Amino acid sequence: MEMGNQSRSLLALWVNLLSMLLVIITLKERRADFLFTTQFMAPELQATFNEQMEAGRGICRSTYTRAIYTIRFKSNIKALNKALNGLVDVQNKVEKDLKTLEIKGKSLNVQLRRWLREVEEIGSEANSIQEGRASCALSLRCKMSKKLMGVLDKVKKLQKQGLDLLDIFSLEGRSVLVERILGPSITDQTIASEMLVKVLSCLMSDDVQKVGIWGIGGVGKTTLVRELNNKLWKEADTQPFGMVIWVTVSKEFDSGRVQKQIAERLDMEIRLGESEERLARRIYGKLEKVSSFLLILDDVWKSIDLDKLGIPQTDGHKDRKIVLTSRYLEVCQSIKTDIDFRVNYLCEEEAWEMFCKNAGEVTRLDRVRPIAKEVSRECGGLPLAIVTVGMAMRGKKKVNLWKHALEELKSSVPYVKSIEEKVYQPLKWSYNLLEPKMKSCFLFCALFPEDYSIEVSELVRYWIAEGFIDETQNYSYLMNQGITLVENLKDSCLLEEGSHDDTVKMHDVVRDFAIWVMSSSQDDSHSLVMSGIGLCEFPHEKFVPSIRRVSLMNNKLKRLSNQVVECVELSTLLLQGNFHLKELPEGFLISFPALRILNLSGTCIRSLPNSLNKLHELRSLILRDCYYLEEVPSLEGLAKIQILDLCATRIRETPRRLETLNSLRLLDLSRTHHLESIPAGIIGQLSSLEVLDMTLSHFHWGVQGQSQEGQATLEEIAGLQRLSVLSIRVVCVPPLSPDYNSWIERLKKFQLFIGPTANSLPSRHDKRRVTISSLNVSEAFIGWLLENTTSLVMNHCWGLNEMLENLVIDSTSSFNLLKSLTVEGFGGSIRPAGGCVAQLDLLPNLEELHLRRVNLGTIRELVGHLGLRFETLKHLEISRCSQLKCLLSFGNFICFLPNLQEIHVSFCERLQELFDYFPGEVPTSASVVPALRVIKLRNLPRLRRLCSQEESWGCLEHVEVISCNLLRNLPISANDAHGVKEVRGETHWWNNLTWDDNTTRETLQPRFIAADGNIPTGSLGMSCYQSSNTIEEAFPISSLPESQAEELL
């Protein structure tokens, strides 16, 4: 017994040890199970062993669980934090959707609210555990870890519930955030798609709250914003707006109807009899609750007050955005848009693709396709026209039908009723909104040929002559008023930019619409437009008594009818550009007694009939470029004429009875190369004259005492009190006179070409310009001219030093107006005579300096003479100055050129450096040209450096170096190289350049453009020098004569 009891005790001890060992083994995860065999155990001990083993297993399980919780305490903390973060993300999405649901009043928000409460509760529980873990003893970690596991399970469960609710909301609430708008897409339109990307980018920017989208009717504005809306609908789960609201405003603006659309979108009750003010307050209150919103206002025709609609202010609120579409830029700007996009016409390729989609498979037929493409072009890239015409031609396989359609479209006649209703009607809405004066101005533009770029100044002169603009104001005021009208028409998309500066044109479809209006009208806009169509025969049958305007310009007419049906109301007749027209029959003009505008420019007529004198209502007679016109009859009967244009005619003297034209405002005698005589007293009697243009005329005006007897002198011009614009040639420098000084001050714009060959190229400062050529100016005093001049040009004059000396001695103040100075063809050196140096800067506002063929060693000579400081100088051009060795030395008065932006130097064979320093002056690392953007150097065979080696020109953008083979360095550092856009030069020069570091060259290499077409090598500059035997081989100096070098350039 004793032996048995001992055996049982030992067995129990053994089982407990084995159990503990099993726990240790399990905790260390060395095996999955512990196997124990009892095959060698005595049978009587097996029952006891099994009992002890079961007890050991219980202890093992309890110990194992406690150990697991303890060991995984930290990982459980991390898992809980991760799960909580995920839950917070879901919570934020739910809260965002809940705000929308509150506005819409959906039942789903009850479930979301309950879920949010549970999230708050579990969050509080998790926070308390987190706070208690810091003070948690090691012995209590098992219990806390177990509690963490419970919270973690709840968090995961809530996260899953939240995601399920969001899925339900995505189905039920997608139309809540954004409502899909049905209609065509822009997926195949590259330009429109790119604009959509830009609009979306602006909406995502914190700096943009209001976006304007404008363009002509039918161009695709609504399609664009519909695409924007539907893109946000597709991305409802990720797009940033709590609510997207679409409102169609339309032409007949009704604030109550607009408010109703907004209220319905917000699920607000519309109360019978409620005032607009009260509804606005309720809308405001609802939108204030939305975290963010986008309001799309489509088809706005005039300025609207957003406050009266109940729209909260967007200023200072980054999450409130407004997109507006309108036909008028002015309407967009009226709500203070931050950025405006103009929707332009489709390109030809995209227009053709759209046309094919609407016209169908018929466009694939070989016999139809070429004509169909022309029909598509006639739609001018206007989507509305493309769709309308395409649908009208859908399924039509007969070529004759397509040809007929093309002819009708070219004649501006609506081919089918739908074109008038769908294309012309929207344009007519825009047209009807114009004031009567604007309508007339707009329709006049259609008199010009298709795709014709109209000079704005020419167009405004027509409007003045027609009386569309008040004739009582001065010419300058009328021109400004006309330019304002042009801009208004452009902002209304009824005109667009022309092919070059200061021109406008009409889009093809807009022009067709205007012609349709004029041809179908029986009022004062009834017109005949047959311009630029290759017309050879005069269209007698088209002239009817009611017609007001006729345009037959740019055709092939050879003769006109001697008798035409009397058109007593015809005010405009445009016949310019008929080069084969050689004669104007005597009886032709008699049929148009009310004519106000007659344009015969560019015809081959040699004379005008005497019947011209019977056009008593004529305001504008334009004979420009009538190169064969030698005779003009007496003008005595043209008492109301305001504009007389004889530019580039062959007249030898002014027309008879010119002095009787008391209403004449503009007289253009420019390019009259055969004009020899203007009798004295003629011009002086034109009391209403405001513009006298005689640019490049052969006639030279004299000054009193120095003119041919009986010829006009400057004294006559001095008496023209209304004159504001003048361009003439004068025989010599006018002497200082109070009369001269007073009238030249009165002029707003003038160009005086003084001397026998005076002429020069235009510059940026020609508003008040004096050009003196081929004269001895040693005795001339030009101070009184410079006081009123913005640009002075001296060409091939002698006695320049004496003139400058007189200028310095006699001048008591600076010439503040002068901004441009050009000296050309002066063989002597410019040095102060007798040590005469100006004590002040005589040209303190000089912006441009041009020196060509001037004998200067350095610009410093001119600087010292006139006391120049160059503080405002922006453009410096030096050419063919054979003695020039250094452009400018810094020191004393000039330490740097703060505003210089461009340097052009060419054909100065002795020039060695651009900038150096006076003896004793120490170069600094600061740039002497801190604003320089462009430098162009050509044919400077001895140029070795530009500035001190320490300098870097930080603003350089464009560098051009041609035939400057000794120049080995550019003042560009690695930091500044990124700002350079282009370096142009010969390949061998580029390969020979040396650099402070490889980074600068590597940055500039892709921006180098080889002027000789060769490919630059990748070697650094010094390699070329090291491989050469002599300096001449390394740095070849061009031996070409200057004339040959010019030809190569």
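Residues numbered from 1 in each chain as written. Predicted model: local features only at pLDDT ≥ 70, side-chain atom pairs only at ≥ 80, totals over all residues. Heavy atoms only, no water.

As annotated in an unreviewed UniProt entry, the chain is AAA+ ATPase domain-containing protein from Brassica campestris. In the Sequence similarities (unreviewed entry) part of its UniProt record, the chain is described as follows: "Belongs to the disease resistance NB-LRR family." (UniProt positions renumbered as here; feature names shortened; annotations may be inferred.)

Novice: When you look at the pattern of salt bridges in this model, what are you seeing that I'm missing?
Specialist: In a structure, side chains of opposite charge can pair up when their charged atoms sit close to one another. Within the structure shown, the criterion is met by 30 salt bridges. Here R769 ties to D766 by a salt bridge, and the two come within 3.0 Å at their closest N and O atoms. Across the pair, exposure class does not vary: R769 and D766 are buried alike. Each of E274, R278 and R282 takes part in one network of salt bridges that share partners. (Salt bridge = Lys/Arg side-chain N within 4 Å of Asp/Glu carboxyl O. Buried < 20%, exposed > 50% of the residue type's maximum accessible area, 1.4 Å probe, protein only.)

Novice: What am I meant to see in the layout of surface pockets here?
Specialist: In this approach, a probe sized like a water molecule rolls over the atoms, and the result shows the empty space that is left. Of the volumes computed, that of the largest pocket is approximately 1,500 Å³. Elements represented by at least two residues in the lining of the largest pocket include exactly α19 (456–466), α20 (475–491), β13 (620–622), β14 (643–645), β15 (666–668), β16 (691–693), β17 (725–730) and β18 (749–754). In the lining of the largest pocket, the residues fall into 18 nonpolar, 19 polar and 13 charged. Of the pockets and cavities examined, the second largest pocket occupies roughly 820 Å³. Taken together, 38 residues make up the lining of the second largest pocket; nearest its centre are G218, V219, G220, T223 and P383. At the level of elements, α7 (190–204), α8 (221–234), β3 (293–300), α13 (348–359), α15 (383–392) and α17 (417–432) are the ones that each hand at least two residues to the lining of the second largest pocket. (1 Å grid on protein atoms, 1.4 Å probe; cavity = no way out; pocket = protein on both sides within 12 Å on 5 of 7 lines; lining within 4 Å. Points joined across faces, edges and corners; volume = space filled by probe spheres on them. Helix = DSSP H or I, 4+ residues; strand = E, 2+ residues; numbered from the N terminus. Nonpolar A, V, L, I, M, F, W, Y, C, P; charged D, E, K, R; others polar.)

Novice: Would you take a moment to explain α13 for this structure?
Specialist: The periodicity of an α-helix, 3.6 residues per turn, causes residues three or four places apart in sequence to face the same way. The terminal C-alpha atoms of α13 lie 16 Å apart, and with 12 residues this matches the ideal 16 Å at 1.5 Å per residue to within 8%. Buried within α13 are the following residues: E350, A351, W352, M354, F355, C356, N358 and A359. Residues of α13 that are buried make contact with α7, α14 (369–378), α15 and α16 (399–410). Count one or two residues on from α13 and you reach G360, which has phi positive near 90°. (Expected span 1.5 Å × (residues − 1). Contact = heavy atoms within 4.5 Å.)

Novice: In this structure, what is going on with the nonpolar core? I would like to understand it.
Specialist: Soluble, globular proteins show a tendency: their nonpolar side chains are buried together. Core analysis: the biggest nonpolar cluster contains 153 residues, and L692, W701, I772, F870, F915 and L937 have the highest contact counts within it. Of the residues forming this core, the biggest block, five residues, is contributed by helix α25 (residues 800–810). Excluding its chain neighbours within four sequence positions, the residues that come into contact with F870 are D841, L846, L849, I859, V863, L888, I894, L897 and P898. One finds V219, L294, L443 and C445 within the second-largest nonpolar core, a separate group that totals 132 residues. (Core = buried A, V, L, I, M, F, W, Y, C linked by side-chain atoms within 4.5 Å.)

Novice: It is not clear to me how the packing of aromatic side chains should be interpreted in this structure. Could you clarify?
Specialist: Two measures describe an aromatic ring pair: the distance that separates the ring centres and the angle between the ring planes. As enumerated under the stated definition, the model contains 18 aromatic pairs in all. Judged by centre distance (6.3 Å) and plane angle (80°), the rings of F444 and F468 are edge-to-face. One end of the pair, F444, is in helix α18 (residues 436–444); the other, F468, is in the loop between α19 and α20, and 24 residues separate them in sequence. Taking relative accessible area as the criterion, F444 reaches 1% and is therefore assigned buried. On the basis of relative accessible area, F468 is assigned to the buried category, the value being 11%. (Phe/Tyr/Trp six-rings, centres within 6.5 Å; stacked < 30°, edge-to-face > 60°.)

Novice: How do you make sense of a positive patch on the surface when you look at a structure like this?
Specialist: Residues K558, R559, K582 and R606 make up a contiguous surface patch of positive charge. Among the secondary structure elements, K558 is positioned in the loop between β10 (549–551) and β11 (572–574). Residue K558 is classed as exposed on the basis of its relative accessible area of 52%. (Patch = residues over 30% accessible without salt bridge, like charges linked within 9 Å, V, L, I, M, F, W, Y side chains within 5 Å. Areas by Shrake-Rupley, 256 points an atom, 1.4 Å probe, with all protein chains shown as cover. Lys, Arg positive; Asp, Glu negative; His and termini not counted. Charge placed at Lys NZ, Arg CZ, Asp CG, Glu CD.)

Novice: Explanation requested: the environment of G867 in the structure shown.
Specialist: Counting through the fold element by element, G867 comes out in the loop between α26 (860–866) and β23 (875–879). Relative accessible area serves as the criterion here: at 4%, G867 is assigned to the buried category. Sequence separation of G867 and P844 is 23 residues, and the distance between their C-alpha atoms is 9.2 Å. Filtering out sequence-adjacent residues up to four positions away, G867 remains in contact with A838, L840 and D841.

Novice: Is there a simple way to explain the sheet that holds strand β8 (residues 503–505) in this structure?
Specialist: The strands that make up a sheet are held in pairs by hydrogen bonds between backbone atoms, and each pair lies either parallel or antiparallel. Spatial strand order, β6-β8-β7: three strands in an open sheet with antiparallel pairing. Whereas interior strands pair on both sides, the edge strands pair on one side only; in this sheet they are β6 (454–455) and β7 (496–497). Bridging between β7 and β8 involves two bridges; their strand directions are antiparallel. Note that in β8 the partner of E497 across the bridge is V504. (Pairing = 2+ DSSP bridges.)

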